[in-house]
Amino acid sequence: STQVPCSFFASHPQIELHSDLLDCGIDICSPDVLARFSDEFDYRYIRRQFVANSVAEEEEGLQNKIFAHFLKPQEYAARVHDFSSYATISQN
């Protein structure tokens, strides 16, 4: 789990919390994030450590932004792990 300070929600009233969503495991990063990640290469898990720390540092003025895209009910997304999963996903 990730801890977010209450002050973050007070200054961002447009935030909605959901517990009924499924994460497809696809992340798209800007070149700035990749550059910062290469400077801080000691993270083993991008999501659990790097992203969580970036969100925590938001209060320090780094202005990092995380966006989510919600798929429509008839859409789907899947993460490709290998050639076998690619073949399965591309047949749909």
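All residue numbers refer to position in the chain's written sequence, counted from 1. Owing to the predicted nature of the model, reporting of local features is limited to residues with pLDDT of at least 70; listing and counting of side-chain atom pairs is limited to 80 or more, with chain, interface and lining totals taken over all residues. Remark: hydrogens and water are excluded; side-chain values derive from all non-hydrogen atoms of the structure.

Engineer: Give a description of the overall build of the protein chain that names residues and reports values.
Structural biologist: Of the regular secondary structure elements, the protein chain holds four helices and zero strands. Reading the helices (α) and strands (β) of the protein chain from amino to carboxyl end gives α-α-α-α. Residues counted as buried form 11% of the 92 residues belonging to the protein chain. Note on contacts: a residue pair is in contact if any heavy atoms of the two residues lie within 4.5 Å. A separation of at least 24 residues holds for 34% of the contacts in the protein chain among residues at least 6 apart in sequence. Surface accessibility follows the Shrake-Rupley procedure with a 1.4 Å probe radius. Residue values consider only the protein chains on display as shielding. Carbon and sulfur atoms make up 55% of the accessible area of the protein chain, which amounts to about 8400 Å² in all. Helix and strand assignments follow DSSP, with helices taken as H or I runs no shorter than four residues and strands as E runs no shorter than two, numbered in order from the N terminus. Partly exposed describes any residue whose relative accessible area lies between the buried limit of under 20% and the exposed limit of over 50%, with all areas from a 1.4 Å probe on protein chains only and scaled to the type maximum.

Engineer: Describe in detail the side chain of serine 85, supporting the description with residues and values.
Structural biologist: Its place among the elements puts serine 85 in helix α4 (residues 83–90). What serine 85 contacts, discounting residues up to four positions off in sequence, is Arg79 and Val80.

Engineer: Provide a residue-level description of a nonpolar patch on the surface, including the pertinent values.
Structural biologist: Patches here: salt-bridge-free residues with over 30% relative accessible area, like charges joined within 9 Å, nonpolar side chains (Val, Leu, Ile, Met, Phe, Trp, Tyr) joined within 5 Å. Salt bridge, as used here: a side-chain nitrogen of Lys or Arg that lies within 4 Å of a carboxyl oxygen of Asp or Glu. Side chains of Val4, Phe9, Ile15 and Leu17 sit close together on the surface and give an oily, nonpolar patch of about 340 Å² of accessible area. Within the secondary structure, phenylalanine 9 is located in helix α1 (residues 6–11).

Engineer: Describe the confidence of the model for the protein chain, naming the residues involved and giving the relevant values.
Structural biologist: Scored by pLDDT, the protein chain comes out at a mean of 78, with 84% of its residues at no less than 70. Scored from 0 to 100, pLDDT records how confident the predictor is in each individual residue. At the low end of the mean pLDDT range in the protein chain sits helix α3 (residues 46–56), at 72; at the high end sits α4, at 90.

Engineer: Outline the environment of isoleucine 89, listing residues and values.
Structural biologist: In this structure, isoleucine 89 sits in helix α4. Using a relative accessible area of 23% as the deciding quantity, one classes isoleucine 89 as partly exposed.

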